[in-house]
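Each chain, letter by letter, is given below.
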Amino acid sequence: METSNFTDTQLTVREAIRQVCSQFPNEYWRQCDRTETDPKGFHATLAQDGWLGIALPEALGGAGLGISEATMMMQTIAESGAGMAGAQAIHANVYATQPLAKFGTKDQLESTIPNIISGQWRVCFGVTEPNAGLNTLALSTTADKQRDGSYLVTGQKIWITCGQVASKMILLARTTPLDQVKKPSEGLSLFCIDLDRRAGSGLDMRKIQKLGGRAVDANEVFFDHYPIPADSLIGREGQGFKIILHGMNAERCLLAGEALGLGYAALARAAQYARERVVFDRPIGQNQGIAHPLAEAYMQLESAKLSTYHAARLYDTAILTHGGMGYAAEYDVERCFSYICLDVAGVAKVNVQGDGSWSQIALPQSGGCFSGCVDASMLRCFDDRQETLVLAKTNASAADARHLQNFVWGPHLFKQSEVFFASIFLSSKTSELQDLQ
Ligand SMILES: Cc1cc2nc3c(=O)[nH]c(=O)nc-3n(C[C@H](O)[C@H](O)[C@H](O)COP(=O)(O)OP(=O)(O)OC[C@H]3O[C@@H](n4cnc5c(N)ncnc54)[C@H](O)[C@@H]3O)c2cc1C
């Protein structure tokens, strides 16, 4: 990877994380995957060295760095051979804590963040629901306020990563029914809740059997009048959607970095195999039919890298500089942000259909990994555009990596590379966009 665009801090993070990850060789990850064992040792080691607090405030024991550095951390983890197993064991602790760090009360921060940074508590992100999917605003889990200010949560979440090992969940639930709000984005609230798995608590969790990425659990979570205290609310009631975007935007940057890491790792392995495998008395990499797709993949990864870190930089600068006002159209930062993203993503010119209605933006198709279209309503919010950007580039790198692994490895694909392969698939699934209509 070309590293001249990175800051000294990012490069220092990369080297330090590379060293931590070198203690966890491929065999460790194969074993975790085969035996469906959570990589607790890996999580504990990163926590011990303070890495889980990379983008959390120094006053609470974090490093006070940004999402740009956290993206580098996640890329390096995925690239090390840990793949999505390593990334998924860590990333919610970094992105899901962003809304808490920005909107939590002093008491909330002091009682939770240090325990998350130290690794004592792990965090999961409770957003997706079976009947809402990408349409987050249609989620139906409710948190009903009681007279004493506490809430009773009822509903179902799905695909909740690390639910089995987490102590805390950042939960998005509806506190005002959809038919009583002006806009569907209103009436949702964000909570930081305990996970009480005891029988009769009102919380039940079932592990989902998956194609791959088996080291890290994914779960269906059922709430039935599950009690949570008043002080688990993050920020203002009803404002949860705006607040959670601070986590979702960070998540998209981290996931894009992780997909990049997978791509670079797959490319490095494919190139090594192409150098070493000799057929017809010469390395197969000497054949242009093998070499050119590798070079093409490298170029695409480099392009995806620029977009990914550009998005992360924008997260760290424009939006954070403006704090909450970054969301207000008044300051125009959201518009600048969107134009830059559209330019970088290259979707503005080529993909906006010319029917005068801006009805659709086609996302670039890459190796069949993902292709889709986004309704014009997505153009109304800068967060959507950032996701479009990250999604497009993330899926390009994941798909290309998969293509080149297939291409170069042929029948050897499902040996050493199987964990990567499953991880790349996973990465493309988890980078789905949010439809904000
Ligand atoms: C391994 C794994 C881990 C996960 N971890 C978590 C987690 O920790 N927490 C959490 O909350 N969620 C998690 N998710 C959920 C993930 O975010 C969702 O799978 C994702 O948001 C897509 O939702 P869905 O699967 O219901 O797809 P659907 O919404 O049902 O979409 C199905 C397909 O249609 C496409 N589509 C839908 N609408 C449009 C449109 N308007 N334009 C174009 N295409 C469209 C989608 O891209 C997708 O390909 C995880 C998922 C996986 C697979």
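About the criteria used
- Residues numbered from 1 in each chain as written.
- Predicted model: local features only at pLDDT ≥ 70, side-chain atom pairs only at ≥ 80, totals over all residues.
- UniProt positions renumbered as here; feature names shortened; annotations may be inferred.
- Helix = DSSP H or I, 4+ residues; strand = E, 2+ residues; numbered from the N terminus.
- Buried ≥ 20, exposed ≤ 12 C-beta atoms within 10 Å, placed from the backbone.
- Contact = placed C-beta atoms within 7 Å.
- Axes fitted to C-alpha atoms, helices over the stretch in contact; angles between N-to-C directions.
- Left-handed = near helix turned anticlockwise from the far one by under 90°.
- Nonpolar A, V, L, I, M, F, W, Y, C, P; charged D, E, K, R; others polar.
- Core = buried A, V, L, I, M, F, W, Y, C linked by C-beta atoms within 7 Å.
- Pairing = 2+ DSSP bridges.
- Expected span 1.5 Å × (residues − 1).
- Bend = angle between axes of the 7 residues up to and from the residue.

- The name recorded for the protein in an unreviewed UniProt entry is Acyl-CoA dehydrogenase, from Parascedosporium putredinis.
- Regarding the protein, the relevant UniProt record gives this comment under Sequence similarities (unreviewed entry): "Belongs to the acyl-CoA dehydrogenase family."
- UniProt, in the comment section headed Cofactor (unreviewed entry), describes the protein in these words: "FAD".

Some details on the overall build of the protein
No. 1: Counting its secondary structure elements, the protein contains 12 helices and 12 strands.
No. 2: Within the protein, the fraction of its 437 residues that count as buried is 49%.
No. 3: For the protein, the share of sequence-separated contacts (at least 6 apart) that also reach a separation of at least 24 residues comes to 74%.

Some thoughts on the packing of helix α1 (residues 8-21) against helix α4 (residues 67-95)
No. 1: Contact pair α1 / α4: the axes reach a minimum separation of 9 Å and the direction vectors enclose 30°. The element α1 and its partner α4 pack so that their crossing is right-handed. From α1, Thr9, Gln10, Val13, Arg14, Ile17, Arg18 and Cys21 reach across to α4, where they touch Ser68, Glu69, Met72, Met73, Thr76, Ile77, Ser80 and Ala82.
No. 2: Within the contact of α1 with α4, the residues separate by chemical class into 7 nonpolar, 5 polar and 3 charged.

Structural notes on the nonpolar core
No. 1: Met73, Ile77, Ala82, Ile170 and Phe191 are the most contacted members of the largest nonpolar core, which totals 98 residues.
No. 2: No other element matches helix α7 (residues 240-276), which puts 20 residues into this core.
No. 3: Residues in contact with Met73, not counting those within four places in the same chain, are Val13, Ile17, Trp51 and Ile54.

Observations regarding the pairing of strand β7 (residues 218-228)
As a general feature of sheets, a regular strand has side chains that alternate between the two faces.
No. 1: Judged from the 8 bridges that link them, strand β3 (residues 151-161) and β7 form a sheet pairing that is antiparallel. Considered in β7, the bridge of Val153 is made with Tyr226.
No. 2: Relative to β7, strand β6 (residues 203-207) runs antiparallel, the two sharing 5 bridges. Directly across from Arg206, in β7, lies its bridge partner Glu220.

Remarks on α7
No. 1: Across its 37 residues, α7 extends 53 Å between first and last C-alpha, which sits within 8% of the 54 Å expected from 1.5 Å per residue.
No. 2: The sharpest bend along α7 reaches about 30° and sits at His246.
No. 3: Here α7 lies mainly inside the structure; 30 of its 37 residues are buried.

A short note on the environment of Gly235
No. 1: With respect to the secondary-structure elements, Gly235 resides in the loop between β8 (233-234) and α7.
No. 2: Gly235 sits 45 residues away from Leu190 along the chain, and the two C-alpha atoms are 7.5 Å apart.
No. 3: Non-local contacts of Gly235, meaning those with residues more than four positions away in its chain, are made with Phe103, Leu190 and Ile243.

Things to note about the pairing of β3
No. 1: The sheet contact formed by strand β2 (residues 142-145) and β3 spans 4 bridges and is antiparallel. Bridged to Asp144 within β3 is Leu152.
No. 2: Taking the residues that link successive antiparallel strands as the turn, the β2-β3 hairpin has 5 residues, and the phi of Gly149 there is positive, at about 95°.

Some details on unusual backbone geometry
No. 1: Backbone geometry at Glu36 places phi at a positive 50°, although glycine is not the residue there.
No. 2: Its place among the elements puts Glu36 in the loop between α2 (26-35) and α3 (40-48).
No. 3: For Asp281, which is not a glycine, the phi torsion comes out positive at approximately 65°.
No. 4: Assignment of secondary structure puts Asp281 in the loop between β9 (278-279) and β10 (282-283).

Examining the environment of Met205
No. 1: Note on placement: Met205 falls in strand β6.
No. 2: Judged by the 15 C-beta atoms lying within 10 Å of it, Met205 falls in the partly exposed class.
No. 3: In the structure, Met205 is positioned 16 residues away from Val221 in sequence and 4.5 Å away in space, judged by C-alpha atoms.
No. 4: Beyond its immediate chain neighbours, meaning those up to four positions away, Met205 contacts Gly163, Gln164, Arg197, Asn219 and Val221.

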